[in-house]
Every structure is written in C-alpha cells, then in structure tokens.
Amino acid sequence: MLDLSNHARQLRELADALDAQSHSADDPLAPHPDTLKVINGRHTSRGQINYAVPDALQLQRRIRRYHADHGVQHGDIVAIALDVFLRAKGYPPDLTLPNTAGR
C-alpha cells in the first residue's frame, strides 16, 4: 500500500495557507497580522523614509487628519500603507532576517 501521509500533510498546509489568504482578502487594505506585530512591538527599531511625493495628493494633510481621527501614529500609517501595497504586488518582507524591523 502506498503511503500518502506526506502528501496529505502537504495538502493540509496548502489548504491552511489558502484559507489564511482568503481571510485577508476580505479587506484588501487590512494590515497583515505580521505587520501589526512589528508595528506594535515595544522594541521595534525605526528608520527614516524620505521621498518626494506630489503636493497635489495632499498626503501630509491627509495623514495628519487620519492620525487625529484614529490615533494611529504618522509613521505607522505610512508603514501599513506601503506594506499593504508591496505585499499586494508580490513583495512581502522576509521577517526571518535578523534586525528586519529596522530595515
């Protein structure tokens, strides 16, 4: 008799991964749970990110307003927005690297 237990385990892992993806697909703008862990970590090192963005988009004003309405820190708003965008485009972070929180 052929042992299919390894295949069954792989199929369960694949099903779990697909199930996790479908839950996050309910709200495409929802932050990834791993991202929230990093942001909410007490000892998360932080780095500056500076890019010239079009003034017409009023990003600074909108970020300040969102912060005032929801209490989310400015850097966290930017980190969540960029992380959601980059994950959606196929560029997730490798959180297994040492000192990843500061990169």
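A short tour of the structure in this document, coming up. (Residues numbered from 1 in each chain as written. Predicted model: local features only at pLDDT ≥ 70, side-chain atom pairs only at ≥ 80, totals over all residues. Heavy atoms only, no water.)

Below, the discussion takes up the overall build of the protein. A count of helices and strands for the protein gives four helices and zero strands. Along the protein, helices and strands appear, N-terminal first, in the series α-α-α-α. In the protein, which comprises 103 residues, the share counted as buried stands at 9%. Long-range contacts, defined as pairs at least 24 residues apart, comprise 56% of the intrachain contacts of the protein with a sequence gap of at least 6. Accessible surface for the protein amounts to roughly 9,000 Å². Of this, 57% is attributable to carbon and sulfur atoms. (Helix = DSSP H or I, 4+ residues; strand = E, 2+ residues; numbered from the N terminus. Buried < 20%, exposed > 50% of the residue type's maximum accessible area, 1.4 Å probe, protein only. Contact = heavy atoms within 4.5 Å. Areas by Shrake-Rupley, 256 points an atom, 1.4 Å probe, with all protein chains shown as cover.)

It is worth spelling out a nonpolar patch on the surface at this point. A cluster of nonpolar side chains, Ile 49, Tyr 51, Val 53, Leu 57, Leu 59, Leu 82, Phe 85, Leu 86 and Tyr 91, forms an exposed patch at the surface whose accessible area comes to about 910 Å². For the nonpolar patch, the leading source of residues is helix H4 (residues 74–88), giving three residues. (Patch = residues over 30% accessible without salt bridge, like charges linked within 9 Å, V, L, I, M, F, W, Y side chains within 5 Å. Salt bridge = Lys/Arg side-chain N within 4 Å of Asp/Glu carboxyl O.)

Our next topic: the packing of helix H3 (residues 59–70) against H4. The description of two helices packed together rests on the angle between their axes and the distance between the axes. Put simply, H3 and H4 touch, their axes get as near as 9 Å, and they point 110° apart. It follows that H3 is roughly perpendicular to H4 by the angle criterion. The crossing of H3 and H4 is right-handed. Each of Ile 63, Arg 64, Tyr 66 and His 67 in H3 lies in contact with H4, whose residues at this interface are His 74, Ile 77 and Val 78. A breakdown of the residues in the contact of H3 with H4 according to their chemical character gives four nonpolar, two polar and one charged. (Axes fitted to C-alpha atoms, helices over the stretch in contact; angles between N-to-C directions. Parallel < 35°, antiparallel > 145°, perpendicular 65-115°, else oblique. Left-handed = near helix turned anticlockwise from the far one by under 90°. Nonpolar A, V, L, I, M, F, W, Y, C, P; charged D, E, K, R; others polar.)

Inspection of every chain in the model, using the stated rule, returns four salt bridges. Taking the shortest distance from any N to any O, the salt bridge between Lys 37 and Asp 34 comes out at 4.0 Å. Here Lys 37 pairs with Asp 34, and both are found in helix H2 (residues 33–40), just three residues apart, close to one helical turn.

Okay, the side chain of Asp 83 next. Relative to the helices and strands, Asp 83 resides in helix H4. Leave out the neighbours within four places in its chain, and Asp 83 touches His 32, Thr 35 and Pro 93.

With respect to the element layout, Thr 96 can be found in the segment after H4. Only 2.4 Å separates the side chain of Thr 96 from the side chain of Asp 94, close enough to count as a polar contact. (Polar contact = N/O pair within 3.5 Å; in protein donor to acceptor, adjacent residues only side chain to side chain.)

Let us now look at a positive patch on the surface. Together, Arg 61, Arg 62, Arg 64 and Arg 65 make up a positively charged patch on the protein surface. Overall, Arg 65 belongs to the exposed group, its relative accessible area being 52%. (Lys, Arg positive; Asp, Glu negative; His and termini not counted. Charge placed at Lys NZ, Arg CZ, Asp CG, Glu CD.)

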